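Summary of the model geometry
Each chain, letter by letter, is given below.
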Amino acid sequence: MSTSVYRRTIITITVIMASMMQLIDTSIVNVALPDIMGNVGADLSQAGWVITSYVFANVIIIPMTGWLFKFFGRKRYYLGSILVFVIASVLCGQAHTIWELILFRFIQGIGGGGLLPTSRVILVENFPPEDLGLANALFGMGVIIGPTIGPTLGGWLTTNYSWPWIFFVNIPVGIVAFTMALANVKNVEEQMGKVKTIDWQGILLLIVGFGSLQVVLQQGAQENWFDANYIILLTASAVIGVILFIWREWTAKDPVVDLKVLRHRNLAFGSIFGFILGFGLYASVFVFPIYLQNLLHYSAMQTGLVLLPGALTAGLMMPVVGLLLRKKFSARLLAGIGFFIFFIFTWKMSSLSLGSGIDDFYFPLILRGIGLGCLSVPLNTIALTGLKGHDLSEGSGFLSMTRQLGGSFGIALVSIFIDWRSALHRFNLVEHINQFSTATKQYVMSLTQGFMSTGSAESVATQQAYKTIDGIVTQQSMIMTYNDTFLVVGLFFLICIPLLLFLKIEKTKSFKPNFDKN
């Protein structure tokens, strides 16, 4: 093995470890929340902030990545991010109150927010032009697999050990990633030089605008949206803050987020597609576990195991797609195939029923994995084509930010859609239940007799019969709602295929980013 190949291998392992560590922590906490609530004395609304605080910090730090490169230097910033993430993980595992845990999760999110875009830049810089697709494929393995195995790993650690171990598991991984990065990542300074002034106004507007938006998207459904005054206030802050942030960053001499990088057409459209990909990835992962756990009564561990084959398929598809790109296979065609396969997945999932079993899930989820592999690698490769130095750093941050926001919007919009459709389906089903009809009377009588045979009095048995019917109506309305949700998400992906024509395919020679090295 040549020195360059060996070094690329070590760099690849390093950045994948760091990225997966960060991405797993976006979902690993979810299944442990009941145990956390019991141990630190928190209610569900307080526990929700354990997730929200982490994502809040992520969405603030990610778009600042390019500026932070210039301020600290890329290698120092990367090492610092890993170190902050690991220290915060230790503190999270030792938290005694819910507010301590929320604070430490926020700090963990600050460290984690810099890992994903920085890892992408480091990986792309170390691969030759013809292997850029393969580099994105290897990076995509961690991006796709991380959020999916998080619930499985979290469920296993919580069940067999205790909830602090979902944070302590980051310690050995983080130490290895830090050591490998220290030895192998070169210190690269951006072409534009060090930051001469700090754009405090831009930073403040970024926090107010995008931070408020993220909290609204994360907490809105739990608060029944605009029934809560603080959601109304944060929505107004998000709208005003984002508008002022865009104006400020477009006119500032040394902006904290350089919006002018969007002059690159492929990056602009790539960011849109990144939003779409995040929407589909997170929305489908959000809906499916709810269906399994609430309607089919699967445990968190069982749910994770059902999702695992599809996640592994996505991971295995990444290098395959990367090799196809290396062989000059059309990136737009691969992305189009990915969109269509994802539609087939959602179409298959839109015919679920209460009688569906594991065998009904594996094939559609494997299709989803193939589709995500075909989507993620080509779109990221096209988006980063031709970017150099500072623009590559900013572009990587934009891609990560839009995917994060897409996921948050996807979950929020799906939550709204589920509430609306479930109420509509329930209303339509109830209309067909008439207590005076012969069929309804016979069914109620049959259920009543069944409950009476188990020892219930007639009046109690009758109430149990009506409650059973109500439960059946609720179940049927929810399964119809989930079917609608999958179909709508699929149609959304299908409509996106024509947008691929706006992407400009450049020659491979422009793929290589150019850095000034010290």
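Presented here is an overview of the structure given in this document. Residue indices begin from 1 for each chain and proceed along its sequence in written order. Totals for whole chains, interfaces and linings use all residues, but because this is a predicted model, local features are given only for residues with pLDDT of at least 70 and pairs of side-chain atoms are given and counted only at 80 or more. As a convention, hydrogens and water are excluded, and side-chain values are obtained from all of the structure's heavy atoms.

**As for the packing of aromatic side chains**
- Pairing of aromatic side chains here covers Phe, Tyr and the six-membered ring of Trp, requires ring centres within 6.5 Å, and sorts the geometry by plane angle: under 30 degrees stacked, over 60 edge-to-face, intermediate tilted. Taken as a whole and assessed by the stated rule, the structure comprises 13 aromatic pairs.
- When the ring of Phe345 is compared with that of Phe486, the centres are 6.1 Å apart and the planes differ by 80°; the resulting orientation is edge-to-face. With Phe345 in helix H15 (residues 331-349) and Phe486 in helix H19 (residues 458-496), the pair connects residues that are 141 residues apart, well separated along the chain. With respect to burial, Phe345 and Phe486 carry one shared label: buried.
- The interplanar angle of 75° and the centroid separation of 6.3 Å between the aromatic rings of Phe492 and Phe493 together place this pair among those described as edge-to-face.
- Here's how the labels work: a residue is buried when its accessible area is under 20% of the maximum for its type, exposed when over 50%, partly exposed in between, all with a 1.4 Å probe on protein chains only. A relative accessible area of 31% means that Phe492 is categorised as partly exposed.
- Looking at Phe493, the relative accessible area reads 0%, which means it is buried.
- Through a chain of ring-to-ring contacts, three or more aromatic side chains come together here, namely Phe273, Phe339, Phe342, Phe345, Phe486, Phe492 and Phe493. Secondary structure is summarised from DSSP: a helix means a run of H or I of at least four residues, a strand means a run of E of at least two, and numbering begins at the N terminus for each.

**Brief notes about the nonpolar core**
- Ranked by internal contacts, the top residues of the largest apolar core, which has 48 residues, are Val29, Ile36, Tyr78 and Leu101.
- What makes two residues a contact is simply this: any of their non-hydrogen atoms within 4.5 Å. With residues up to four places along the chain from it excluded, the contact list for Val29 reads Ile36, Val50, Ile51, Arg105, Ile166 and Phe167. By nonpolar core is meant a set of buried Ala, Val, Leu, Ile, Met, Phe, Trp, Tyr and Cys residues that side-chain atoms within 4.5 Å join together.

**A closer look at a nonpolar patch on the surface**
- Residues enter patches when their relative accessible area tops 30% and they take part in no salt bridge; the joining distance is 9 Å for like charges and 5 Å for the nonpolar side chains Val, Leu, Ile, Met, Phe, Trp and Tyr. In short, Shrake-Rupley with a 1.4 Å probe defines the accessible areas, and a residue's cover is counted only from the protein chains shown. Criterion for a salt bridge: a side-chain nitrogen of Lys or Arg within 4 Å of a carboxyl oxygen of Asp or Glu. Taken together, the side chains of Val320, Leu324, Phe329, Leu333 and Ile337 present a nonpolar region at the surface, about 380 Å² in accessible area.
- Elements supplying a minimum of two residues to the nonpolar patch: helix H14 (300-326) and H15.
- Mapped onto the elements, Leu324 comes out in helix H14.

**Regarding the side chain of Ser422**
- With respect to the helices and strands, Ser422 occurs in helix H17 (residues 389-431).
- Not counting residues up to four positions away in its chain, the partners in contact with Ser422 are Ser477, Met478 and Thr481.

**Notes on empty space enclosed by the protein**
- Cavities and pockets are found on a 1 Å grid laid over the protein atoms alone: a cavity is a set of points where a 1.4 Å probe fits but cannot escape, a pocket is an open set with protein on both sides within 12 Å along at least five of seven lines, and a lining residue has an atom within 4 Å of such a point. Grid points are joined across faces, edges and corners, and a volume is the space filled by probe spheres set on the points. A complete count under the given rule lists three cavities of 30 Å³ or more for this structure.
- The computed volume of the largest cavity comes to approximately 80 Å³.
- Looking at the lining of the largest cavity, the elements that each hand over two or more residues are helix H1 (3-24) and H17.
- Put simply, the second largest cavity is a space of about 40 Å³.
- Along the walls of the second largest cavity sit Gly270, Phe273, Gly274, Leu277, Ser376, Leu379, Asn380, Ala383, Leu399 and Arg403, which together make up its complete lining.
- Going through the elements one at a time, helix H13 (265-295), helix H16 (358-384) and H17 are the ones with two or more residues in the lining of the second largest cavity.
- Split into classes, the residues belonging to the lining of the second largest cavity amount to five nonpolar, four polar and one charged. Note on residue classes: Ala, Val, Leu, Ile, Met, Phe, Trp, Tyr, Cys and Pro are nonpolar, Asp, Glu, Lys and Arg are charged, and everything else, Gly too, is polar.

**A short note on the pattern of salt bridges**
- In the structure shown here, the tally under the stated rule is one salt bridge.
- For the salt bridge of Arg421 with Asp484, the shortest nitrogen-to-oxygen distance reads 3.0 Å. One end of the pair, Arg421, is in helix H17; the other, Asp484, is in helix H19, with 63 residues separating them in the sequence. One exposure class covers both Arg421 and Asp484, and it is buried.

**Focus: the side chain of Asn170**
- As for its position among the elements, Asn170 is in helix H10 (residues 170-184).
- You can call Asn170 buried: its relative accessible area is 4%.
- Apart from residues no more than four positions distant in its own chain, Asn170 is found in contact with Met21, Asp25, Phe85, Val86, Ser89 and Gln108.

**Topic: the packing of helix H5 (residues 74-93) against H10**
- Relative orientation of the contacting elements H5 and H10 amounts to 165°, with a least axis distance of 9 Å. If you check the angle between H5 and H10, you find them roughly antiparallel. Between H5 and H10 lies a crossing whose hand is left-handed. Contact residues: Lys75, Tyr78, Leu79, Ile82, Leu83, Phe85, Val86, Ser89 and Val90 in H5; Asn170, Ile171, Gly174, Ala177, Phe178, Ala181 and Leu182 in H10.
- Its residues assigned to classes, the contact of H5 with H10 comprises twelve nonpolar, three polar and one charged. Simply put, an axis is a line fit to the C-alpha atoms, just over the touching stretch for a helix, and the angle between two N-to-C directions goes from 0 to 180 degrees. An angle counts as roughly parallel when it lies under 35 degrees, as roughly antiparallel when it exceeds 145, as roughly perpendicular when it falls between 65 and 115, and as oblique in every other case. Note: crossing handedness is left-handed where the near helix turns anticlockwise from the far helix by less than a right angle, and right-handed where it turns clockwise.

**A look at the packing of H15 against H16**
- Relative to each other, H15 and H16 sit at 150°, their axes nearing to 7 Å. In this view, H15 runs roughly antiparallel relative to H16, as classed from their interaxial angle. The interaxial crossing formed by H15 with H16 has left-handed handedness.
- Among the residues forming the contact of H15 with H16, the class breakdown is 20 nonpolar, two polar and three charged.

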